[in-house]
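# Report on the structure
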Amino acid sequence: MNETEKHAGMANAIRFLSMDAVQKANSGHPGLPMGVADLATVLFSKFLVFDPKDPEWPNRDRFVLSAGHGSMLLYSLHYLLGYEDMDIKQIKNFRQLGSITAGHPEFGHASGIETTTGPLGQGIANAVGMAIAERKLADEFGEDIVDHRTWCIVGDGCLMEGISQEAIALAGHLKLSKLTVIWDDNNISIDGPLSLSDSTDQVKRFEASGWDIIEVDGHDPEQIAEAMAKVSEHERPTLIAANTTIGYGAPTKAGTAKAHGSPLGDDEIKATRKALEWECGAFKIPEEVLDAWRIAGLRSGQKRKEWEKRFSEADAEVRGEFERRIRGDLPAAFGETLDEYRKKLAADKPVLATRKSSENTLEVINGVVTESLGGSADLTGSNNTRTSQTVAITPDDFSGRYLHYGIREHGMAAAMNGITLHGGLIPYGGTFLVFSDYSRPAIRLAALMKIRVIHVLTHDSIGLGEDGPTHQPVEQIAALRAIPNLFVLRPADAMETAECWQIAFENQNAPSALALTRQNLAAVRHEYEAENLCSRGAYELRPASNEALVTLFASGSEVQIALEAQTMLEERGVATRVVSVPCFELFEKQSEEYRNSVIGEAPARVAVEAAVKQGWERFIGEKGAFVGMDSFGASAPYEDLFDHFGITAEAVVAAATEILEQ
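These remarks concern the structure in this document. (Residues numbered from 1 in each chain as written. Predicted model: local features only at pLDDT ≥ 70, side-chain atom pairs only at ≥ 80, totals over all residues. Heavy atoms only, no water.)

## Remarks on the pattern of salt bridges
Per the stated rule, a full pass over the model turns up 28 salt bridges. With its nearest N and O atoms 2.8 Å apart, the salt bridge here joins R273 to D20. Of this pair, R273 sits in helix α10 (residues 266-275) while D20 sits in helix α1 (residues 3-25), placing them 253 residues apart in sequence. Exposure class is identical for R273 and D20. Each is buried. One salt bridge connects R304 with D51, and the closest N-O pair in it is separated by 2.5 Å. One end of the pair, R304, is in helix α12 (residues 301-312); the other, D51, is in the loop between α2 (31-47) and β1 (62-65), and 253 residues separate them in sequence. We classify R304 as buried; its relative accessible area is 14%. Each member of the salt-bridge network shares a partner with another, and the members are E140, E321, R324, R325 and E371. (Salt bridge = Lys/Arg side-chain N within 4 Å of Asp/Glu carboxyl O. Helix = DSSP H or I, 4+ residues; strand = E, 2+ residues; numbered from the N terminus. Buried < 20%, exposed > 50% of the residue type's maximum accessible area, 1.4 Å probe, protein only.)

In structure tokens form, the structure reads like this:
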């Protein structure tokens, strides 16, 4: 084969594996893999630095398929390149239960999948986070250890999602020169021609956001290769705008919406085989084509060995630190440092807003965890996310440890996912709890991927006061608690705040959201406990004087209300216990015996939280009472609001008394 024939054969292998798998599954998206096969062939066979024999090699290039519906592109590539876990059986079992070839790429299912994509726009923001991580670690460890690129394929849909603007604006501002986005410019969406809904000049849009642009014919391998070679010369991120035909090669469906999201059909596939002169049957690849792909898979093996040699010659302390951070392990001193800090809190009993307690805890953590990377969506002074160690990163200086994300909550959350997925850094970012709605899709994906990302969500209730109902979260805590594998942590004082931060950092397999107050809170924990009590999810904070008739459950700022109500009830001779509930999710992970002991057998159970009721039924049962919100808030000083909405100790006492009198 000459080079032209070789390229055509390799690209067509992607096309036919993709259309055959979609046809067999009777479900999927063949159009994108067929349309970008030429781009992917040039990228993976000539430019992308990776090694299927060591998919986790830290200095590999990162590749993100933001247009995750075209997942068969990725699976076809991995099979052709020789990834051990991606055999032809997996290709044939596309979208079937138990296979690693899910409908959209899922991180952790198969080696070489860098992130979970499918919700459009998430991938490009993940790629921005990965590029941030690469540049930050290169600044810290040097380019002998960290020097790689991030590549991302996006479709028109990714660029229509609002998150894409947040991502590209941040990338352009930070001058992420090792980031290249390849735009599959095929002018088709599900509904039909893109002109039905969009007339944006994407090239001008990226130029305005600080990107370099290269325009190519997405089916001309020479133009593609020239463009990909040129990106390394740029000092800004690069968009390769590639004009393509969706479903390339399909005689009647290419260039139409019919190629996007459904099988081509047996007749069309047969006609496509004829049009592209592909003589093999379903799932069959000519030997010389498969050999060419397997050789491409070995292309970077020598680069990996050269990197391993350089790494082995680095200072032993540097090697140890880099390896620890890539594993995701915390420094050995982390636990002891937090333990000493909690002893100090027990002695000092500070009266502070938990957002301030959070800042104080971060001051301790950031002193020992050098890989923490803070940030905020333009609310640094309100979120209290910056400490003395976290100097701001700038476009020309990445030595800092703090990112000003701008007013881009969604982009921040998705970029933090990318930072974590890259490895070597632990990101946390702040906004108001009510604006977690902007971040929710990215938070959900972090939970799905089981990765450590920390969201600092301040101004957590009507307790924020005068800003009013637009900024007062009511339903957000319940909505976040509804996401599986997300730890929603709502501490009641400085001690619980420190414990919640410890939980968030120590848990590598789930994201965390810390809901923190604007208003000051008195200490409710007065003694040092060696155990992190918040890690139980709920625990008895103050026992009853006798066999309990009432159990009061509360989280965050309302724990103080529960304690006041306990005092009032005990003065009336009603034995009452108080349970602090900082984390529903952790409570459900405890043994049944422990959960039953915490809930107890008191005939009256009352929960109090300045939020909606959903979820508290687990604690109070059908006959219990809830003191909280069933409407939006209002604009007023917070003390007036708690009285106005009846979230008071008196209301808790009345609710408990009513149950007992029934």
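Moving on from the coordinates now.
## A short note on the packing of aromatic side chains
Per the stated rule, a full pass over the model turns up 21 aromatic pairs. Summarising the aromatic geometry, the rings of F584 and W616 are spaced 4.9 Å apart at their centres and angled 85° between planes, so their arrangement reads as edge-to-face. A residue pair is termed long-range when its members are at least 10 positions apart, and F584 in helix α22 (residues 584-588) and W616 in the loop between β19 (604-608) and α24 (617-620) qualify at 32 residues. Under the relative-accessibility criterion, F584 is labelled buried at 11%. Assessed through its relative accessible area of 0%, W616 is described here as buried. Of the aromatic side chains, those joined through ring pairs into one cluster are W57, F141, W307, F311 and F322. One cation-aromatic arrangement involves R294 over Y79; the distance from NZ or CZ to the ring centre is 5.3 Å. The ring centre of Y528 lies 5.5 Å from the NZ or CZ of K343, which sits over that ring. (Phe/Tyr/Trp six-rings, centres within 6.5 Å; stacked < 30°, edge-to-face > 60°. Lys NZ or Arg CZ within 6 Å of the ring centre and 35° of its normal.)

## Comments concerning empty space enclosed by the protein
Summed over the entire model, instances satisfying the criterion amount to 3 cavities of 30 Å³ or more. Counted as a void, the largest cavity has a volume near 120 Å³. Surrounding the largest cavity, 14 residues form its lining, F50, D61, Y83, G112 and E114 being those nearest its centre. Of all the secondary-structure elements, those providing two or more residues to the lining of the largest cavity are β1 and α3 (71-81). Of the residues that constitute the lining of the largest cavity, the class distribution is 7 nonpolar, 2 polar and 5 charged. Computed from the structure, the second largest cavity encloses a volume of approximately 50 Å³. Among the elements that make up the lining of the second largest cavity, the one with the highest residue count is β1 (3 residues). Of the residues assigned to the lining of the second largest cavity, the class counts are 6 nonpolar, 3 polar and 1 charged. (1 Å grid on protein atoms, 1.4 Å probe; cavity = no way out; pocket = protein on both sides within 12 Å on 5 of 7 lines; lining within 4 Å. Points joined across faces, edges and corners; volume = space filled by probe spheres on them. Nonpolar A, V, L, I, M, F, W, Y, C, P; charged D, E, K, R; others polar.)

## A short note on the state of the cysteines
Applying the stated criterion across every chain, the model contains 0 disulfides. With no disulfide of its own, C152 lies closest to C158 among cysteine sulfurs, the gap being 7.0 Å. Owing to a relative accessible area of 0%, C152 belongs among the buried residues under this scheme. Counting only cysteine sulfurs, C534 is the nearest neighbor of C500, a cysteine outside any disulfide, at a range of 4.1 Å. On the basis of relative accessibility, which here comes to 0%, the residue C500 falls in the buried class. (Disulfide = S-S within 2.5 Å.)

## Points about a negative patch on the surface
Together, E466, D467, E564, E639, D640, D643 and E650 give the surface a local cluster of negative charge. If you tally residues by element for the negative patch, the top one is helix α25 (residues 638-644), at 3 residues. (Patch = residues over 30% accessible without salt bridge, like charges linked within 9 Å, V, L, I, M, F, W, Y side chains within 5 Å. Areas by Shrake-Rupley, 256 points an atom, 1.4 Å probe, with all protein chains shown as cover. Lys, Arg positive; Asp, Glu negative; His and termini not counted. Charge placed at Lys NZ, Arg CZ, Asp CG, Glu CD.)

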